[in-house]
Amino acid sequence: MSTRQSAGVRKVRSERKYYKKIARKYWEKTKIRLNEKENQELSMLVRGIEATDQGREELEKVFEEAEKSKSGRGRTLKEVWKMDQMNEGNFQLTMTSNTLVLMADIDGFQHGQEPFTPKCLALACDRIEGSYSWLFDTSHLLGRPSTHLTMYRYQMEEIHGLTLMSPGIPVALFPSVLAHTIFDILLECLAMGVRAERPQSIILFLKGRNKILVLQEALAACELPVTVSIRNLEDIGCPTAARLCPDIRSKLLSTQFKTNEYAIWFAQ
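Residues numbered from 1 in each chain as written. Predicted model: local features only at pLDDT ≥ 70, side-chain atom pairs only at ≥ 80, totals over all residues. Heavy atoms only, no water.

This part is about the confidence of the model for the protein. Averaged over every residue, the pLDDT of the protein is 77; the share at 70 or more is 70%. Mean pLDDT across the elements of the protein bottoms out in helix α1 (residues 3-30) (53) and peaks in strand β4 (residues 169-170) (94). Here residues 1-10 is modelled with pLDDT under 50, and outside its nearest four sequence neighbours on either side it reaches two contacts, counting other chains as well. Under a pLDDT of 50 for its full length, residues 88-96 has, in the predicted model, 26 contacts with residues more than four places off or in other chains. (pLDDT = per-residue confidence, 0-100. Helix = DSSP H or I, 4+ residues; strand = E, 2+ residues; numbered from the N terminus. Contact = heavy atoms within 4.5 Å.)

The following block contains the structure:
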């Protein structure tokens with residue numbers, strides 16, 4: 001990196017620190033406390049905005065218009081938005097006394113704008129050792145064009161190591177498998193005495209906006225006796241699994257391994 005680039009990076013970081021400080025003062029003066037229902041509704045609204053390209057584009061326009069009205073206002077507003085997102089997650093974690101926290105990860109295949117096809121689902125609880133994992137049948141993807149297969153092979157060799165042809169559960173059963181796994185974890189928590197009673201709500205953490213959309217769609221098709229909200233691990237500063245385990249040389253970490261590492265990190 002050149003000296004000029006380094007100076008530019010330092011300037012950006014300095015400005016970010018300055019606007020975060022201003023945003024913190026403003027946020028502390030204007031924040032309000034929500035009850036659990038109100039907070040869940042706010043969570044759905046925030047996720048709805050962040051989950052689509054249109055929502056993110058409109059949000060950026062708001063920041064740009066604010067910046068045009070007065071220099072620094074847009075950047076301050078952006079920092080306030082980030083703080084609201086962080087506080088939303090922290091509120092659920094600290095203010096809901098009967099909440100169970102689960103970690104999840106999904107690996108699979110996708111080419112371009114086509115729907116993501118899950119190959120492996122793993123869930124772990126921060127209070128239970130080990131994880132639950134399931135493999136899904138993705139052999140139907142072999143009929144896709146060669147450009148798709150090239151991308152699938154790259155994802156297999158460079159991202160997760162999962163193959164198209166390995167046997168598994170039909171992908172159509174993904175929502176049912178997700179619900180079944182959540183039930184299993186709840187029962188194990190009760191059996192092990194981790195919880196004295198069934199939790200009233202669950203927070204499901206995982207990394208990546210696209211993966212969150214997959215789980216949101218699956219949860220919409222599930223019938224669960226508890227409220228389940230989904231949060232992005234990136235919002236609470238969780239490092240990548242590779243950074244959590246720098247001593248492991250393999251670049252391909254299994255879905256189960258990553259989920260366990262996230263659960264261990266969260267428990268600490």
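The next thing to look at is helix α9 (residues 255-267). With 13 residues, α9 extends 19 Å from end C-alpha to end C-alpha; this agrees with the ideal 18 Å at 1.5 Å per step. The complete set of buried residues in α9 reads T255, K258, T259, E261, Y262 and A263. Next to the buried residues of α9 lie β1 (99-109), β2 (117-125), α7 (209-220) and α8 (241-244). (Expected span 1.5 Å × (residues − 1). Buried < 20%, exposed > 50% of the residue type's maximum accessible area, 1.4 Å probe, protein only.)

As a further point, take the nonpolar core. Membership of the largest hydrophobic core comes to 27 residues, with the highest contact counts inside it found for L102, L123, L204 and L215. Elements with a minimum of two residues in this core: β1, β2, α6 (174-191), β5 (201-206), α7 and β6 (227-232). If one sorts the elements of this core by residue count, α6 sits on top with seven residues. Not counting chain neighbours up to four residues away, the residues in contact with L123 comprise L102, M103, A104, S131, Y132, L178, T181, I182, I185, L204 and T259. Listed in part, the twelve residues of the second largest apolar core include V101, A124, F205 and C238. (Core = buried A, V, L, I, M, F, W, Y, C linked by side-chain atoms within 4.5 Å.)

This part takes up the side chain of N232. Within the secondary structure, N232 is located in strand β6. Judged by relative accessible area, N232 falls into the buried class, the value being 10%. Among the polar contacts made by the side chain of N232, one reaches the main-chain amide nitrogen of G208 at a distance of 3.5 Å. When near neighbours in sequence (up to four residues on either side) are disregarded, N232 contacts F205, L206, K207, G208, R209 and I212. (Polar contact = N/O pair within 3.5 Å; in protein donor to acceptor, adjacent residues only side chain to side chain.)

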